[in-house]
Amino acid sequence: MEYRYLGRTGLKVSPLCLGTMNFGEFTDEATSFQIMDKAVEVGINFFDTADVYGGPNAPDMKKGYGISEEYIGRWLAQGSRREKIVLATKVYQPMEVGPNDKYLSAYRIRKACEDSLRRLQTDHIDLYQMHHIDRNTPWEEIWQAMELLVQQGKVLYVGSSNFAGWDIATAQSKAASRNFLGLVSEQSLYNLTARTIELEVIPACRHYGLGLVPYSPVGGGLLGGILQKVTDGRRSRPKVTERIEKFRPQLEAYEALCRDIGRQPADVALAWLLQNPVVTAPITGPRTVEQLTENLQAIDVTLSQETLDRLDEIWPGYGLGAPEAYAW
């Protein structure tokens, strides 16, 4: 497996990132352990989670939260595993019902980091990501809190998720004024059906040297050969049917193209992202070991320019991005 630098850093990660959002909610602990074992076996060293991952929301804001981190922690506790992975988690979402149990105050960041370290059973987080922008906390406060965690050795790198391009620019300008490395990665929704970040987020990542870590690379299953699956009787829930009908002409053209080039639709969706030089590693969220194994095939897929052009025709993007996309 060829590893990639995470943005402008010297840290190398696998071209696929193991997403663990399903751990605890859809995937039990034993299966989660099997998936993580398989990931390390095949060379995936980039693991992504969040403090809030693990189960359905509940009125008391507690049920299920933290389960994904706890699964990873118990897996790490089996020994000889921590230094084999680059471990990423997130902070921002509410974990309790108190006024300071959410967002990005220095108070919240410190407590959330300590809680994640405890659940993960480790003494450091390799990539600590802000799950969303906090418009009520000044960057001076956020960076001061993150700098302290770095100084203490509890966090190595800081990343963002769901940031706008101008959020990235603001964060980096404030970090530079403090002689701090700042953001090294951005985790965004990005796939053939959702290309909005091409306007400003990707140009910002390119300019500031952030590695892009796309989530939902197969569009929630839409790009995974969904028409065939529906024919087979799967994924026929009302919401899925509604999405299929919205994109049916494009899906028909897309799946026909995949058949023409002899590739599985999910592999094409992942390969399309992997051929973008700004992308470091798409996040895959397998519920089973079999799904993880299937995702690995995308690493060996190289799409021709003709295929890339055809994909742009089926799923139009934004060309050169901002401001060219809307100014001239």
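Residues numbered from 1 in each chain as written. Predicted model: local features only at pLDDT ≥ 70, side-chain atom pairs only at ≥ 80, totals over all residues. Heavy atoms only, no water.

**Q** Quick one: what's the story with the pairing of strand β8 (residues 183-189), residue by residue and with numbers?
**A** Counting buried residues along β8, six of its seven residues qualify, which places the element largely inside the surrounding structure. Pairing of strand β7 (residues 155-161) with β8, which is carried by three bridges, proceeds in the parallel orientation. Following the sheet pairing, Ser160 is matched in β8 by Glu186. Between the parallel elements β7 and β8, the chain passes through helix α5 (residues 165-177) in a crossover that is right-handed. Sheet topology places β8 next to strand β9 (residues 211-215); five bridges connect them, and they run parallel. Paired with Leu189 across the two strands is Tyr215, which belongs to β9. As a crossover connection, the stretch from β8 through helix α6 (residues 201-208) into β9 is right-handed. (Buried < 20%, exposed > 50% of the residue type's maximum accessible area, 1.4 Å probe, protein only. Helix = DSSP H or I, 4+ residues; strand = E, 2+ residues; numbered from the N terminus. Pairing = 2+ DSSP bridges. Right-handed = clockwise from strand over helix to strand, strands pointing away.)

**Q** Give a detailed account of unusual backbone geometry, specifying residues and quantitative values.
**A** The linkage connecting Ala322 with the following residue, Pro323, adopts the cis geometry, with an omega of 0°. Secondary-structure assignment places Pro323 in the loop between α11 (305-314) and α12 (324-327). Positive phi, normally seen in glycine, also occurs at Gln121, with a value near 55°. Counting through the fold element by element, Gln121 comes out in the loop between α3 (106-120) and β6 (125-130). In this structure, Ser216 is a non-glycine residue whose phi angle is positive, near 55°.

**Q** Tell me what's going on with the packing of helix α4 (residues 139-151) against α5, and back it up with residues and numbers.
**A** The N-to-C vectors of α4 and α5 enclose an angle of 65°; their axes lie 10 Å apart at closest approach. Two packed elements cross with a definite hand, and for α4 against α5 that hand is right-handed. Between α4 and α5, the residues in contact are Trp139, Glu140 and Trp143 and Asp167, Thr170, Ala171, Gln172, Lys174 and Ala175, respectively. Of the residues in the contact of α4 with α5, the class split is four nonpolar, two polar and three charged. (Axes fitted to C-alpha atoms, helices over the stretch in contact; angles between N-to-C directions. Left-handed = near helix turned anticlockwise from the far one by under 90°. Contact = heavy atoms within 4.5 Å. Nonpolar A, V, L, I, M, F, W, Y, C, P; charged D, E, K, R; others polar.)

**Q** Tell me what's going on with helix α10 (residues 289-296), and back it up with residues and numbers.
**A** Within α10, burial applies to Val289, Leu292, Asn295 and Leu296. All buried residues of α10 lie within an arc of 120° about the axis, which places them on one face of the element. Packed against the buried residues of α10 are β3 (17-19), α1 (29-42), α9 (265-274) and β10 (283-284). (Arc of directions from axis to C-beta.)

**Q** Hey, could you go over the pairing of β7 for me, with residue numbers and the actual values?
**A** Two faces, one strand: in a regular strand the side chains alternate between the faces of the sheet. With six of seven residues buried, β7 lies mostly within the body of the structure. In terms of strand pairing, β6 meets β7 through five bridges, oriented parallel. From the neighbouring strand, Tyr128 faces β7, where its bridge partner is Val158. Running through α4, the crossover from β6 to the neighbouring parallel element β7 is right-handed.

**Q** Any details on the pattern of salt bridges? Residues and values, ideally.
**A** Charged atoms that come close allow side chains of opposite charge to pair. Taken as a whole, this structure holds 18 salt bridges when the rule is applied. Note that Asp51 is salt-bridged to Arg108, the shortest N-O span being 3.4 Å. Pair noted here: Asp51 is in the loop between β4 (46-48) and α2 (67-76) and Arg108 is in helix α3, with a separation of 57 residues, a long-range link. One exposure class covers both Asp51 and Arg108, and it is buried. When salt bridges that share partners are traced, they join Lys111, Asp115 and Arg118 into one network. (Salt bridge = Lys/Arg side-chain N within 4 Å of Asp/Glu carboxyl O.)

**Q** An account of the nonpolar core is requested, with residue identities and associated values reported.
**A** Within the largest apolar cluster, 81 residues are counted, with the highest numbers of intra-cluster contacts made by Phe47, Tyr128, Met130, Trp143, Met146 and Tyr254. Ignoring anything within four residues of it in the chain, the contact list for Tyr254 reads Leu192, Leu223, Pro265, Val268, Ala269, Leu311, Ile314 and Trp315. Leu6, Phe46, Val86 and Ala88 belong to the second largest nonpolar core, which has 13 residues in total. (Core = buried A, V, L, I, M, F, W, Y, C linked by side-chain atoms within 4.5 Å.)

**Q** Describe in detail the packing of aromatic side chains, supporting the description with residues and values.
**A** In the structure shown here, the tally under the stated rule is eight aromatic pairs. Where Trp139 meets Phe163, the ring centres are 6.2 Å apart and the plane angle is 65°; that geometry is what we call edge-to-face. Pair noted here: Trp139 is in helix α4 and Phe163 is in the loop between β7 and α5, with a separation of 24 residues, a long-range link. Taken together, a centroid distance of 5.3 Å and an interplanar angle of 55° make the contact between Tyr190 and Trp272 tilted. Taken together, the residues span a long stretch of sequence, with Tyr190 in the loop between β8 and α6 and Trp272 in helix α9 at a distance of 82 residues. You can call Tyr190 buried: its relative accessible area is 2%. Overall, Trp272 belongs to the buried group, its relative accessible area being 9%. Within the aromatic cluster, the residues linked to one another by ring pairs are Trp139, Trp143, Phe163 and Phe180. Positioned over the ring face of Phe26 is Arg287, at 4.0 Å from the centre of the ring. (Phe/Tyr/Trp six-rings, centres within 6.5 Å; stacked < 30°, edge-to-face > 60°. Lys NZ or Arg CZ within 6 Å of the ring centre and 35° of its normal.)

**Q** So, the sheet that holds β4: which residues are in play, and what are the values?
**A** Spatially, β9-β8-β7-β6-β5-β4-β3-β10 is the arrangement adopted by the eight strands of the open sheet, whose pairing is parallel. Pairing within the sheet leaves two strands with one partner each, and these edge strands are β9 and β10. Direction of pairing for β3 relative to β4: parallel, over a ladder of two bridges. When the sheet's bridge partners are listed, Leu18 is paired in β4 with Phe47. Along the sheet face, α4 touches β5 (86-91), β6, β7 and β8 and points at about 170° away from the line of β6.

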